[in-house]
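Chain residues, written in single-letter form:
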2 protein chains.
Amino acid sequence: MTTNRSRPAGRPATIPDVAREAGVSRSTASRALADYGSVSPDARERVRAAAEKLGYRPNLLARSMITGRTHTLGAIVADIQNPFFAGVTRGITDAARAAGYQVLLANTDEDVAAERAAVKMLRDKHVDGLIVAPAATTETGHLAAAHAAGCPVVLLDRQAPGLPADSVTVDNHGAAQDAVRRLLAAGHRRIALVSLLGSAPPADTGAERAAAATPLPTDPVSTGLERIEGYRAALREAGLSDTDTYLRTGTFHREDPADLTADLLALPEPPTAVFATDSMIALGVLSAARDHGLRVPDDLSLVTFDDTDWARAVRPRVSVVAQPVQELGARAVHSLITRIEGATRPPEHTVLDTEYIDRESIAPPPGA
Amino acid sequence: MTTNRSRPAGRPATIPDVAREAGVSRSTASRALADYGSVSPDARERVRAAAEKLGYRPNLLARSMITGRTHTLGAIVADIQNPFFAGVTRGITDAARAAGYQVLLANTDEDVAAERAAVKMLRDKHVDGLIVAPAATTETGHLAAAHAAGCPVVLLDRQAPGLPADSVTVDNHGAAQDAVRRLLAAGHRRIALVSLLGSAPPADTGAERAAAATPLPTDPVSTGLERIEGYRAALREAGLSDTDTYLRTGTFHREDPADLTADLLALPEPPTAVFATDSMIALGVLSAARDHGLRVPDDLSLVTFDDTDWARAVRPRVSVVAQPVQELGARAVHSLITRIEGATRPPEHTVLDTEYIDRESIAPPPGA
DNA sequence: GTGAAAGCGCTAACAA
DNA sequence: TTGTTAGCGCTTTCAC
């Protein structure tokens, strides 16, 4: 047991303690410890030894107050329980840690108010930057403000037009179009799309209120909308002009994908295939199909976004559009860190490749 | 636009700014803002208005440096991609936010070294407390040290004997025993257990090296082990003395539950039912069953821990032991916060109820 | 009830 | 290269 005369046992060692022990000034100790400025090899070593002996740990709070950097990132996603966001978050935390950053997590449940509150909290905590899967692509004032105030923002999964921030996404339109083409290639013509969108539907526009068509949100850009456009493009390409008959979109918290599917299956001419825009929706589709006594893929074909664990374990295994979830998170971290470290390049939009994985959930339509 | 003569536009407002604007001293402003000490209603209101006008936001870093409290919790789990931990983490972040705390997240992949590193990082960041699903229940020196140094720790999902920390768990033994009883009640006698355990198996003890038995880790307590004991108890209770014939445990990163199951199914007298100790293992079992051309539940019955989304959407829906995942996280947060706020009661061990949910994955054994 | 002054632990100009 | 000095923004005695 070493006796540290000048330092009460309970209190953690500070720079003055280390400096005293090493017989140098505070600044030299600080320079040696934080590794900046110039310090003689000799002094450096004595400081290192003293720090070691005293079990010195820098007070990161004090350091952050001076440097203005906390080495903490904020991650704002819809719901960590959604496998897509779980994977993305895993990618974020891993990449962050590897780069010497920690991450503060916030869930929004696709609610803009919650997102706004999260940004506020996170900024109050002085995070160095924000990774956000925005709940809405239009109401992004809080994100723009953060960005402008020097707290860089990178958008994940969704872009926001007019917000000069980096983004990391996949080609939703192309991937959706490709998936629907697979269904078309198998001979399907009555192909449904089931999705949940972030914003509430706009006011009823009268003419649009056809029995089958669901009004779409006004958000100019959203993952869901892009996938819908990809779906429509594929149908049009196949000569099917009526692209909205089997289109069903609900709102988070308000509609259940299983109900949306049940409606479709109750139609006089029900769809023979369904394209689900994410794995949780696919679960709802599966559920509804089961309740209707329909078998996949014989009675109903299915393809979905997101390759979750269960997709390859259930029977039939389900064909999916796999997104590189962890990579999405890791790329976002890298973009963000270059910004934090001062890069002033124009906004960079990274688009990652998806992969269609063919399994057993697509068959020709019944009676074909 | 108000002109703030004394404050450059770029710099955020500070207490001196607010004080000046309100015509009071810094201390009065501080007292009014942080709501302590005594301030006259009049001064209080003037300060409030000035702060509002200037868009004042307290510098939490500076405050933390003084108060020693960051209002930040550290959450250390195995893998956020595991639905169990995703749910727990969701419960943690929600409860924390509701109580005015944020959470820093760390994944360990069941690796003690990673856990140790995470604790170090988190303590360096001055978290007010730690919620840990410990990778090992024996090597807990770093947790004990944190606790002793005034950084309270609450254990989640797993207890650690000898560590005087609060814990929040479920009755794994009882729940496992109950689940296996369901299988027994359906007429099964050859019931397997498939699990993955945290620690590496101990050195070969010779006699124990029966072809069928898998050596178990030496960890005195672990979720997996408790479930195994519950399984054995149920079998013994049913008069089956040979409890380890169909017991298969692997190690994280080393074994694949599907392979473990495949071994079982290749036995001359294969099991007719499987008890999986978590949902990710159940997926492996399902996979292996499919590869063997076995149908659930006709050829093989299945019951698993954890009620994940897919368990109620696949066909057949799988019977499960549901854990109150979010509640587990929320309780941990509450225990932790009472500690942080100074409670000095003896360690408290909260045990939450599980719920057996009967679905369609259990049938009588084939040929029964 | 209020203000003056000290100080948390650290970094960063500036001199020496 | 090194030490001195001055803060960062805040809370908190301690007088008044």
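Parameters and conventions
Residues numbered from 1 in each chain as written. Chains lettered and ligands numbered in written order. Predicted model: local features only at pLDDT ≥ 70, side-chain atom pairs only at ≥ 80, totals over all residues. Heavy atoms only, no water. UniProt positions renumbered as here; feature names shortened; annotations may be inferred. Helix = DSSP H or I, 4+ residues; strand = E, 2+ residues; numbered from the N terminus. Near = heavy atom within 4 Å. Polar contact = N/O pair within 3.5 Å; in protein donor to acceptor, adjacent residues only side chain to side chain. Phe/Tyr/Trp six-rings, centres within 6.5 Å; stacked < 30°, edge-to-face > 60°. Buried < 20%, exposed > 50% of the residue type's maximum accessible area, 1.4 Å probe, protein only. Pairing = 2+ DSSP bridges. Axes fitted to C-alpha atoms, helices over the stretch in contact; angles between N-to-C directions. Parallel < 35°, antiparallel > 145°, perpendicular 65-115°, else oblique. Contact = heavy atoms within 4.5 Å. Nonpolar A, V, L, I, M, F, W, Y, C, P; charged D, E, K, R; others polar. Left-handed = near helix turned anticlockwise from the far one by under 90°. Buried area = accessible area lost by both parts, 1.4 Å probe. Salt bridge = Lys/Arg side-chain N within 4 Å of Asp/Glu carboxyl O.

Under an unreviewed UniProt entry, the name given to chain A is LacI family DNA-binding transcriptional regulator, and the source organism is Streptomyces olivaceiscleroticus.

Colleague: Looking at this structure, how should I read the UniProt feature "domain: HTH lacI-type" (unreviewed entry) in chain A?
Modeller: Residues given the UniProt feature "domain: HTH lacI-type" (unreviewed entry) here are residues 13-67 of chain A. Span residues 13-67 of chain A is 71% helix and 0% strand, its end C-alpha atoms 21 Å apart.

Colleague: Could you clarify how one ought to interpret the protein's contact with DNA strand D in this entry?
Modeller: What surrounds DNA strand D is a group of 24 residues, the closest being Ser27 and Ser40 of chain A together with Ile15, Tyr36 and Tyr56 of chain B. Within the side chain of Arg31 of chain A, one N or O atom sits 2.8 Å away from a base nitrogen of DNA strand D. Between a phosphate oxygen of DNA strand D and a side-chain N or O atom of Arg63 of chain B, the distance comes to 2.7 Å. Those elements that provide at least two residues to the surface near DNA strand D are α2 (26-34) and α4 (60-67) of chain A together with α2 (26-34) and α4 (60-67) of chain B.

Colleague: When you look at the packing of aromatic side chains in this model, what are you seeing that I'm missing?
Modeller: The description of two aromatic rings rests on the distance between their centres and on the angle between their planes. Residues and elements named next belong to chain A. Applying the stated criterion across every chain, the model contains four aromatic pairs over all chains. Considering the side-chain rings of Phe84 and Phe85, the 5.1 Å spacing of their centres and the 70 degrees angle between planes classify their relative orientation as edge-to-face. A residue is classified by how much of its surface remains accessible, and Phe84, at 6% relative accessible area, is buried. Exposure remark for Phe85: the relative accessible area of 4% places this residue in the buried category.

Colleague: Looking at this structure, I do not really get the sheet that holds strand β5 (residues 166-170) of chain B. What am I missing?
Modeller: Working definition: the strands of a sheet are paired by backbone hydrogen bonds and lie parallel or antiparallel to each other. The sheet built from twelve strands is open, its strands ordered β11(A)-β5(A)-β4(A)-β3(A)-β1(A)-β2(A)-β2(B)-β1(B)-β3(B)-β4(B)-β5(B)-β11(B) with mixed pairing. For this open sheet the edge positions go to β11 (349-352) of chain A together with β11 (349-352) of chain B, each flanked by a neighbour on one side alone. Each neighbouring strand pair of the sheet contributes to a mean axis angle of 20 degrees, computed without reference to strand direction. Sheet analysis places strand β1 (residues 72-77) of chain B next to strand β3 (residues 129-132) of chain B, joined by four bridges and oriented parallel. In the sheet register, Ile76 of chain B faces β3 of chain B, and the bridge partner there is Val132 of chain B.

Colleague: Help me understand the packing of helix α1 (residues 15-22) of chain A against α2 of chain A in this model?
Modeller: All names here are of chain A. Contact geometry for α1 and α2: axes closest at 8 Å, N-to-C directions at 105 degrees. Considering the angle they form, α1 stands roughly perpendicular to α2. On α2, the residues touching Ile15, Pro16, Val18 and Ala19 of α1 are Arg26, Ala29, Ser30 and Leu33. Of the residues that constitute the contact of α1 with α2, the class distribution is six nonpolar, one polar and one charged.

Colleague: What's the story with the packing of α4 of chain A against α4 of chain B in this structure? I'm lost.
Modeller: Each pair of packed helices can be described by the angle between their axes along with the distance between the axes. Running from amino to carboxyl end, α4 of chain A crosses α4 of chain B at an angle of 150 degrees, the nearest separation of the two axes being 9 Å. Judged on the interaxial angle alone, α4 of chain B and α4 of chain A are roughly antiparallel. Between α4 of chain A and α4 of chain B lies a crossing whose hand is left-handed. Across from Leu61, Ala62, Ser64 and Met65 of chain A in α4 of chain A, the residues of α4 of chain B making contact are Leu61, Ala62, Ser64 and Met65 of chain B. Partitioned by chemical class, the residues of the contact of α4 of chain A with α4 of chain B number six nonpolar, two polar and no charged.

Colleague: Looking at this model, I keep getting lost on the interface of chain B and chain A. Mind explaining?
Modeller: Accessible area lost on assembly of the parts is the figure often given for the size of an interface. Listed per partner, the contact involves 47 residues of chain B and 47 residues of chain A. In this assembly, chain B packs against chain A so that about 4400 Å² is buried in total across both faces, 57% of it on carbon and sulfur atoms. Put simply, Arg90 of chain A and Asp109 of chain B hold a salt bridge, and the shortest N to O gap is 2.6 Å. Mapped by element, the contributors of at least two residues to the side of chain B that touches chain A are α4, α5 (83-98), β2 (102-107), α6 (112-124) and α11 (279-291) of chain B. At six residues, the largest contribution of residues to the side of chain B that touches chain A is made by α5 of chain B. Partitioning the side of chain B that touches chain A into residue classes produces 20 nonpolar, 15 polar and twelve charged. Here three bridges tie strand β2 (residues 102-107) of chain A to β2 of chain B, and the two strands are oriented antiparallel to one another. By the bridge assignment, Leu105 of chain A is partnered in β2 of chain B with Val103 of chain B.

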